[in-house]
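Here is what each chain is made of, one letter per residue.
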Amino acid sequence: MEATYDPSAIEQRWYDRWVDAGIFAPEYRPDGEPFCIVIPPPNVTGALHIGHALNHTIQDVLIRRKRMQGYAALWVPGTDHAGIATQNVVERELAVEGLDRHELGRDAFIEQVWAWKRRYGHRINEQIRRMGSSVDWSRERFTMDEGLSAAVREVFVRLYDEGLIYRGDRIINWCPRCHTALADIEVEHEDETGELVYIIYPFRDRPGGITVATTRAETMLGDTGVAVHPDDPRYDDAVGEILVLPLVGREIPVVADELVDPEFGTGAVKITPAHDPNDFEMGERHRLEPVTIMDEAAVITAEGPFEGLDRFVARDAVKGALRDSGALERVEEHIHAVGHCYRCRTVVEPYLSRQWFVKVRPLTEPAIEAVKRDQTRFVPKRWENSYFHWMENLRDWCISRQIWWGHRIPAWYCDECDETIVAVDQPRECMACGGGLLRQDPDVLDTWFSSALWPFSTLGWPEQTEDLSRFYPNTVMVTGFDIIYFWVARMMQMGIHFMGEVPFYDVAITGLVRDAEGRKMSKSLGNSIDPLAVAGEHGADPLRLALLQAASPGHDVPLDIEWVVAARKFGNKLWNGVRFGISNLDGRVPAGDGYPRDPAGANAWILSRLAETVTRFDELCEAYRFSDAFGLLYNFTWSEVFDWYVEMTKPLLRDPDHAGETRETLGVVLRDVLKLFHPAMPFLTEELWSELVGEGLLAGATWPAPPEVARPGHVDTLQDLVTGVRQFRASHGLSPRLELTMETVDAEGVIEPWWHEQVAALAGVTLRPGSPRGRGFTRIVAGPVQGFIGLEGLIDVDAERARIEKALAEHHDTLARAEAKLTNPGFTAKAPEAVVSKERAKADEARALIEKLRHQLDDLGGE
């Protein structure tokens with residue numbers, strides 16, 4: 001073995017060996033209980049970011065551990081076709097060549113996208129491999145592959161036949177740049193400083209008018225009514241009156257509607273049914289005709305002086321015209337939420353359009369009930385509330401997109417009789433009139449429609465495959481809280497509706513990875529972390545361990561590169577510990593689950609602690625508390641195994657009576673530590689396994705199951721005694737090689753025979769029962785044991801007494817000053833609580849130090 005741990009030297013050699021051995025396939029444990037995770041499919045256009053690294057590491061820990069526990073563990077990999085994002089990427093490439101998709105035509109453009117996917121679609125998979133994720137590549141899926149496309153068509157047709165998919169004219173979110181509809185959750189709202197424009201709408205038949213307030217003055221061109229709350233007394237006499245729309249001259253009614261907020265603006269709002277979802281609902285209730293005033297590029301189409309203007313240019317022009325006409329009352333600054341396209345950040349336009357929708361209420365109710373009945377549980381449980389709130393307030397889901405890359409809607413229109421035909425396969429003729437002039441709907445489905453089917457479509461549905469029957473429902477879904485609404489909720493809806501069961505039993509929610517100061521990572525802040533760059537510099541394993549050590553369920557993960565550096569140092573500690581073991585063992589360690597029989601002393605202690613650690617580690621992992629689990633394992637390995645037990649083995653390995661048992665114990669402890677850390681640090685542990693065990697692959701080994709061992713009593717007392725001696729040496733500059741004698745008073749008889757050899761080896765001290773002798777001594781208290789080391793000949797007792805007396809005087813002064821303040825009513829009544837608390841802490845600390853120093857003076861024989 002090399003002298004030090006070098007991730008770059010070992011992390012490239014193991015992945016293909018794991019794949020070639022078939023370890024990642026569930027068939028590796030053919031008789032095991034099924035355990036299944038489907039990977040949240042990253043976009044085919046994407047690169048692995050730090051959020052992926054966290055999510056995939058958690059999933060890998062789950063799947064590797066279950067595989068080692070004997071489960072038939074399946075982790076399904078795959079990528080999402082990412083409709084809008086991928087189309088944008090390819091369109092930009094074409095633009096560099098001076099081409100545009102409309103010039104190419106639909107079929108040629110789609111072939112360009114497939115060609116791009118063949119060239120670049122593998123990049124994300126290579127990055128997943130680089131991070132060590134143990135997915136079953138033989139079952140890799142893509143949301144546009146043949147099997148998943150068949151599933152999408154089947155779901156669409158069934159929902160349509162059940163009346164749960166319909167086509168209609170409704171207000172949708174429209175991106176003027178991407179030229180497509182967006183679902184509500186694809187719109188990201190941000191608070192922006194805008195304006196509230198107050199416009200006077202005059203009565204037609206009497207003097208005066210009503211002032212309305214709007215944040216989008218240009219949409220007034222499409223107004224067909226004004227609404228007030230029915231209980232608002234300010235407008236009792238106005239309801240039913242007719243107003244004249246400024247600049248346009250259109251006559252519009254005043255109506256009463258409970259949707260109006262009397263506290264907003266003047267309490268009267270304009271109704272623009274074609275350009276606002278709430279206005280659309282009011283317009284339907286009051287039979288107001290919608291008037292569309294802009295096109296798909298957000299350019300004004302209404303006849304008049306504003307025709308041909310961009311919406312934002314028109315906004316200023318309309319305000320100017322209102323001012324000139326005397327209809328503009330005032331303009332106020334106003335902070336409000338503005339929706340942006342989640343892909344291109346363009347301001348979204350509410351737009352009346354004919355689209356395809358899913359009727360969500362019949363789907364959401366069973367999905368809500370499943371969580372309430374704990375058929376699916378959220379971890380942490382508090383995220384259920386967010387899930388419920390969103391599900392209970394859903395509008396029908398707009399699923400059609402006006403792009404070309406994606407699952408084309410399986411609907412055809414007959415040009416001879418206007419019949420709509422929805423079918424899994426393309427029809428040859430119209431079922432109504434027998435005509436053959438059929439044209440397919442040009443739109444494609446929302447990308448999230450296909451990913452909503454991911455837990456069962458990836459397993460072969462609608463075919464009744466063996467994988468589907470064995471691995472559905474999936475066991476757990478690991479995902480960020482930010483896509484509970486985009487994805488988790490929709491998988492719940494579709495899974496229950498089509499499979500009759502929830503898609504997964506657990507939803508383990510992760511937080512966002514933030515920087516060390518708790519800030520969200522972004523390019524603008526310059527605090528983004530590229531996981532592949534970190535893996536290249538420090539290793540994938542240290543990055544994985546650093547992420548896990550901060551991964552508490554549902555909480556954000558603050559990540560400092562120093563954590564990764566510390567994890568690499570731990571890797572070096574593990575490396576050196578195994579090197580020590582190999583150099584002291586007789587041959588390789590057996591790969592199985594054998595353990596020493598009837599161990600004694602230090603060996604019994606470490607085996608008992610190993611069993612306790614495995615039990616607690618498993619409990620924490622089952623609760624998805626990975627930060628606590630790996631914190632526990634880290635501390636056990638570093639402190640108890642390496643700092644204590646490895647040192648304890650050194651005298652035992654030289655003793656013929658104990659060497660054999662110690663070698664066996666040391667070997668199995670190191671073996672099991674590698675097994676426990678393997679899910680988090682697979683490359684490093686596999687490399688060390690090849691040196692320590694050399695039999696098979698660690699990735700395919702069994703999970704440790706150490707037997708309960710009676711732990712020797714008071715080992716912590718032994719450790720405290722050794723630590724006390726070491727501190728005494730350090731404080732007086734005494735050499736670790738200087739042999740010392742310690743008299744001991746063992747009030748409870750806890751000192752065992754094996755302690756003597758250990759204390760001598762670990763602290764250079766000979767234990768001898770008895771009371772202190774000679775002129776001055778130091779006292780070391782360790783539980784029920786008191787140890788005394790004579791100072792004569794070791795240090796200058798008089799100088800030590802003088803030092804202690806000086807320190808006592810200083811602490812008495814500190815205590816006197818603190819008590820003077822604390823007994824002063826003026827101080828305790830007027831000073832801030834934090835200041836008073838600080839003084840109390842000073843006084844308490846001074847009292848404790850005075851007590852300690854007095855004992856030291858007594859031990860020296862002073863007054």
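Residues numbered from 1 in each chain as written. Predicted model: local features only at pLDDT ≥ 70, side-chain atom pairs only at ≥ 80, totals over all residues. Heavy atoms only, no water.

Draft legend 1. Layout of the pairing of strand 8 (residues 209–214). In terms of residue burial, strand 8 counts as a mostly covered element, since five of its six residues are buried. Counting the residues in the hairpin turn of strand 7 (residues 187–202) and strand 8 gives six residues, including Gly 208, whose phi is positive at 85 degrees. (Buried < 20%, exposed > 50% of the residue type's maximum accessible area, 1.4 Å probe, protein only. Helix = DSSP H or I, 4+ residues; strand = E, 2+ residues; numbered from the N terminus. Pairing = 2+ DSSP bridges.)

Draft legend 2. Region of the structure containing the environment of His 340. Here His 340 lies in strand 13 (residues 328–341). Along the primary structure His 340 and Ala 535 are separated by 195 residues, whereas in three dimensions their C-alpha atoms are 34 Å apart. Of the polar contacts made by the side chain of His 340, one reaches the side chain of Glu 192; its length is 2.9 Å. Polar contacts involving the side chain of His 340 include one to the main-chain carbonyl oxygen of Val 338, which spans 3.0 Å. (Polar contact = N/O pair within 3.5 Å; in protein donor to acceptor, adjacent residues only side chain to side chain.)

Draft legend 3. A look at the side chain of Asp 655. Tracing the sequence through the fold places Asp 655 in the loop between helix 21 (626–653) and helix 22 (659–677). In this structure, Asp 655 is buried with no salt-bridge partner, the nearest side chain bearing the opposite charge being Arg 654 at 9.2 Å. A polar contact is formed between the side chain of Asp 655 and the side chain of His 658, at a distance of 2.9 Å. (Lys, Arg positive; Asp, Glu negative; His and termini not counted. Salt bridge = Lys/Arg side-chain N within 4 Å of Asp/Glu carboxyl O.)

Draft legend 4. Spotlight on the sheet that holds strand 9 (residues 225–228). A sheet is described by the order of its strands in space; here four strands give the open sequence 10-11-9-12, paired in mixed fashion. With partners counted over all chains shown, the strands left at the sheet margins are strand 10 (242–244) and strand 12 (268–271), one partner each. The average angle at which neighbouring strand axes cross in this sheet is 30 degrees, direction not considered. Summarising the sheet, strand 9 and strand 11 (residues 251–256) pair through three bridges and their orientation is parallel. Across the sheet, Val 228 pairs through a bridge with Ala 256, a residue of strand 11. The strands that helix 9 (residues 277–285) touches are strand 9 and strand 12; relative to strand 12, the one it contacts most, it runs at about 85 degrees. (Axes fitted to C-alpha atoms, helices over the stretch in contact; angles between N-to-C directions. Contact = heavy atoms within 4.5 Å.)

Draft legend 5. Local environment of the pattern of salt bridges. This model, assessed by the stated rule, comprises 60 salt bridges. Between Arg 206 and Asp 237 there is a salt bridge whose closest N-O contact spans 3.8 Å. Residue Arg 206 is located in the loop between strand 7 and strand 8, and its partner Asp 237 is located in the loop between strand 9 and strand 10; the two are separated by 31 residues in the primary sequence. A relative accessible area of 28% places Arg 206 in the partly exposed class. For Asp 237, a relative accessible area of 53% corresponds to the exposed category. With a shortest N-O distance of 3.0 Å, Asp 844 and Arg 847 are connected by a salt bridge. A residue pair is termed a helical-turn pair when its members lie 3 or 4 positions apart in one helix, as Asp 844 and Arg 847 do in helix 28 (residues 833–860) at three residues. Given the relative accessible area of 49%, Asp 844 is considered partly exposed.

Draft legend 6. Representation of helix 23 (residues 682–692). Summarising burial for helix 23: nine of the 11 residues are buried, a large majority. Inspection of helix 23 places Pro 682, Phe 683, Leu 684, Thr 685, Glu 686, Glu 687, Leu 688, Trp 689 and Leu 692 among the buried residues, and these make up the whole buried set. A positive backbone phi angle near 75 degrees is found at Gly 694, which sits one or two residues after helix 23.

Draft legend 7. Geometry of the nonpolar core. In terms of nonpolar packing, the biggest core is built from 138 residues, with Trp 18, Leu 62, Leu 545, Leu 559, Phe 626 and Phe 630 touching the most fellow members. When neighbours within four sequence positions are excluded, Leu 559 is seen to be in contact with Ile 50, Val 513, Arg 514, Asp 515, Ala 516, Met 521, Ile 529, Leu 543, Ala 546, Leu 547 and Val 564. Leu 74, Tyr 342, Val 358 and Tyr 413 belong to the second largest nonpolar core, which has 74 residues in total. (Core = buried A, V, L, I, M, F, W, Y, C linked by side-chain atoms within 4.5 Å.)

Draft legend 8. Expanded view of the state of the cysteines. By the definition in use, this model includes zero disulfides. There is no disulfide at Cys 341, and the cysteine sulfur nearest it, in Cys 344, is 3.8 Å away. Taking the relative accessible area as the measure of exposure, Cys 341 reaches 0% and is therefore buried. Left unpaired, Cys 430 is separated from the closest cysteine sulfur, that of Cys 417, by 3.5 Å. With relative accessibility at 1%, the residue Cys 430 sits in the buried group. (Disulfide = S-S within 2.5 Å.)

Draft legend 9. Just the environment of Arg 17, in detail. Mapping Arg 17 onto the fold places it in helix 2 (residues 15–20). For the pair Arg 17 and Phe 306, spaced 289 residues apart in sequence, the C-alpha to C-alpha distance is 68 Å.

Draft legend 10. Main features of the sheet that holds strand 14 (residues 349–358). Judged by pairing direction, the sheet is antiparallel, and its four strands sit side by side in the order 6-5-14-16 without closing on themselves. A single partner strand is all that each edge strand has here, and the edge strands are strand 6 (180–182) and strand 16 (397–398).

Draft legend 11. Here's a closer look at unusual backbone geometry. Going from Val 379 to Pro 380, the amide bond is cis rather than trans, its omega being 0 degrees. Mapped onto the elements of the fold, Pro 380 is located in the loop between strand 15 (377–379) and helix 12 (383–392). Cis geometry marks the peptide bond from Tyr 472 to Pro 473, where omega comes out at 0 degrees. With respect to the helices and strands, the residue Pro 473 is situated in the loop between helix 15 (466–471) and strand 22 (474–480). Positioned with a positive phi, Ala 82 is a non-glycine residue whose angle comes to about 50 degrees. Since its relative accessible area comes to 2%, Ala 82 is described here as buried. Phi is positive for Arg 345, which is not a glycine, with a value near 70 degrees.

Draft legend 12. The arrangement of the packing of aromatic side chains in detail. Applying the stated criterion across every chain yields a total of 33 aromatic pairs. Judged by centre distance (5.1 Å) and plane angle (10 degrees), the rings of Trp 383 and Phe 481 are stacked. Pair noted here: Trp 383 is in helix 12 and Phe 481 is in the loop between strand 22 and helix 16 (484–499), with a separation of 98 residues, a long-range link. Three or more aromatic residues joined by ring pairs make a cluster, and in this case those are Phe 570, Phe 617, Phe 630, Tyr 634, Trp 638, Phe 677 and Trp 703. Over the face of the ring belonging to Phe 388 we find Lys 372, whose NZ or CZ atom lies 5.6 Å from the ring centre. In this structure, Arg 671 is placed above the aromatic ring of Tyr 595, and the distance from its NZ or CZ to the ring centre is 5.1 Å. (Phe/Tyr/Trp six-rings, centres within 6.5 Å; stacked < 30°, edge-to-face > 60°. Lys NZ or Arg CZ within 6 Å of the ring centre and 35° of its normal.)

Draft legend 13. View of the side chain of Thr 272. Of note, Thr 272 is situated in the loop between strand 12 and helix 9. Classification of Thr 272 by relative accessible area gives buried; the value is 1%. A polar side-chain atom of Thr 272 sits 2.6 Å from a polar atom in the side chain of Asp 223.

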